[in-house]
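Breakdown of the fold
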Amino acid sequence: MNNSPLYVTTPFLPPLEEYVDLLKGIWNSGILTHNGPLVQQFEKVLIEKLGVSSFTAMSNGTIAIQSAIKALRLHGEIITTPFTWIATISAIKWERCKPVFCDIDPDTFNIDAAKIEACITENTVAIMPVHVFGNPCDVEAIQKIAYKHGLKVIYDAAHAVGSKINGESILNFGDISATSFHATKILNTAEGGGCVTRDPDLADKLSQIRFFGHDQTKDIVTDGFNGKMNELQAALGLSVIRYLDKILEERKEKAKYYNQKLARFSFMKFQRVDYGETNFSYFPVVFDNEERLVRVEKNLNAANIFPRRYFYPSVNTFTAILENQHMPVSEDIAGRILCLPLFSGITFENIDQIISKIAKS
Ligand code: T4K
């Protein structure tokens, strides 16, 4: 039995003094929000560190997706994945667009690019794939489809800070990528998120949208809302991002250890990475059947260990808010997938303990 609970994740927190140093500046200036100096600095550091074309910081990842839809002025059907967090869908719906589901690949858990074209109708305006658990989508195939049919591409890159294709940040792909800095994410600002785009006009538009639709002179130039990141969030982001390489390296090392130790279990399979490099945002395993998953989860919980069933159930089955579009692959994977604890600071002993509980289940 573990004395303190072991959760699916624990946020990385920098040495407190480093955060407090930044807070002192806020206390001196009295600037708490409205595109303050720390938000501007955080955006600059993100652009340099991730090698992205632009960064517009926002209050959270859901608002970042909504801002992307607004900036591209989308009205119509958006093809997306049923294997995601509900925020992908709620953002589409809040922007008065219609989510149309395209089933996933059973091994990568990402949208199956080969099935996208069959979902296109005369009302389709965009494709919104998710880099699930940080695993890069087939961005080339998706872009080809988008060009062919005149569609926009927004990536829900909530999990994808640190993921790459050919050495380039995955956030650089699509018309806009929207990411999250929620407490459960690799780079966290408690709550937070933002958008990346290569198009400077779109970047300007995103800045206006997050600030009520104001331009630099506070004239109202577009429909907007309050999507601003504040200075306390940016201070946390600035103090965490210094450790990003270490966080990514540690996760990779621990994921490798899990992989080696779990390889002997024939009743379990892992996420396949087909394109580029994942950031090991999560450590998902898929069991041969749901009964085994439930048994494993129960035994882990009894030992004070709390993995999570991300993403369960498949979001297309949320009939309180959606017409169900049957998605057999996503529903099947959703019923059998469990994300095991993986975070900066998890020890090899913790992982051994998790594996021994799985072996005994
Ligand atoms: N798109 C995708 C694909 C997403 O996965 C998400 C969010 C979004 C869009 C939207 O981004 P945001 O608007 O959230 O920025 C979590 C997160 O709330 C959510 O951000 C995340 N995806 C989703 C996959 O997971 P819960 O309800 O599972 O979180 P919670 O509070 O149960 O936390 C899990 C564990 O983490 C806890 O058992 C303990 C630990 N934890 C959590 C928090 C919040 C901490 O140790 N400290 C903390 O402060 O939703």
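Refer to the preceding data block for the structure.
Residues numbered from 1 in each chain as written. Predicted model: local features only at pLDDT ≥ 70, side-chain atom pairs only at ≥ 80, totals over all residues. Heavy atoms only, no water.

1. Considering the overall build of the protein
Let me state the cut-off plainly: For the purposes of this entry, the term helix denotes a DSSP run of H or I that reaches at least four residues, the term strand denotes a run of E that reaches at least two, and both are numbered from the N terminus. Both definitions apply: the radius of gyration is a C-alpha atom measure, and the globule rule equals 2.2 Å times residues to the power 0.38. Buried, partly exposed and exposed residues are distinguished by accessible area as a fraction of the type maximum, computed with a 1.4 Å probe on protein chains only: under 20%, between the cut-offs, and over 50%, respectively. What makes two residues a contact is simply this: any of their non-hydrogen atoms within 4.5 Å. Calculation of accessible area relied on Shrake-Rupley with a 1.4 Å probe; when residues are assessed, cover is drawn exclusively from the protein chains displayed. The positive count covers Lys and Arg only, the negative count covers Asp and Glu only, and His and the chain ends enter neither. By convention, charge coordinates are those of NZ in Lys, CZ in Arg, CG in Asp, or CD in Glu.
Helix and strand content of the protein: eleven helices and 14 strands. Taken against the 2.2 N^0.38 rule, which gives 21 Å for 361 residues, the C-alpha radius of gyration of the protein at 20 Å falls within 12% of a compact globule. With respect to the principal axes defined by its C-alpha atoms, the protein has extents near 65 × 55 × 40 Å. Looking at the protein as a whole, 58% of its 361 residues are labelled buried. A separation of at least 24 residues holds for 70% of the contacts in the protein among residues at least 6 apart in sequence. Per element, the accessible surface of the protein, about 15700 Å² overall, is 52% carbon and sulfur. In the protein, 37 positive and 41 negative side-chain charges are present, and the distance between their average locations comes to 5 Å.

2. So, a nonpolar patch on the surface
Stated formally: Each patch is built from residues lacking any salt bridge and having more than 30% relative accessible area; the joining distance is 9 Å for like charges and 5 Å for nonpolar side chains (Val, Leu, Ile, Met, Phe, Trp, Tyr). Salt bridge criterion: a side-chain nitrogen from Lys or Arg within 4 Å of a carboxyl oxygen from Asp or Glu.
Where nonpolar side chains cluster on the molecular surface, the patch consists of Trp27, Leu32 and Leu232 and spans about 340 Å² of accessible area. Summarising the element assignment, leucine 32 is placed in the loop between α1 (16–29) and α2 (37–50).

3. Some thoughts on the site of the ligand
Heads up, the condition is: Here a residue is near a molecule or strand as soon as one of its heavy atoms is found within 4 Å of it. Polar contacts here mean pairs of N or O atoms no more than 3.5 Å apart (in protein, one a potential hydrogen donor and the other a potential acceptor; neighbouring residues in sequence count only if both atoms are side-chain atoms). Using only the protein atoms, space was sampled on a 1 Å grid; points where a 1.4 Å probe fits but cannot get out form cavities, open sets with protein on both sides within 12 Å along at least five of seven lines form pockets, and lining residues are those with an atom within 4 Å of a point. The way we define it, a molecule is inside a pocket or cavity when more than half of its atoms are within 2 Å of that pocket's grid points.
The environment of the ligand is formed by 25 residues, the closest being Thr62, Asp156, His159, Arg308 and Tyr310. The contact in question runs from a nitrogen atom of the ligand to an N or O atom on the side chain of aspartate 156, over 2.6 Å. Between the ligand and histidine 159 there is a distance of 2.7 Å, counted from an oxygen atom to a side-chain nitrogen or oxygen. About the coverage of the ligand: the protein hides 76% of its 920 Å² of free accessible area. At a threshold of 2 Å from the grid points, most atoms of the ligand map onto the second largest pocket.

4. Focus on the layout of surface pockets
Selection rule: Grid points are joined across faces, edges and corners, and a volume is the space filled by probe spheres set on the points. For this classification, the nonpolar set comprises Ala, Val, Leu, Ile, Met, Phe, Trp, Tyr, Cys and Pro, the charged set comprises Asp, Glu, Lys and Arg, and every other residue, Gly included, is treated as polar.
Taken as a whole, the largest pocket spans an internal volume of roughly 450 Å³. Along the wall of the largest pocket there are 19 residues; nearest its centre are Asn35, Ser207, Gln208, Arg210 and Gln216. Every element with two or more residues in the lining of the largest pocket is listed here: α2 and α6 (200–210). With five residues, the single largest contributor to the lining of the largest pocket is α6. For the lining of the largest pocket, a count of residues per class yields five nonpolar, eight polar and six charged. By volume, the second largest pocket amounts to about 390 Å³. Within the residue set of the lining of the second largest pocket, elements represented by two or more residues are α3 (61–71) and α4 (86–94). At three residues, the largest contribution of residues to the lining of the second largest pocket is made by α3. Taken together, the residues of the lining of the second largest pocket break down into eight nonpolar, ten polar and three charged.

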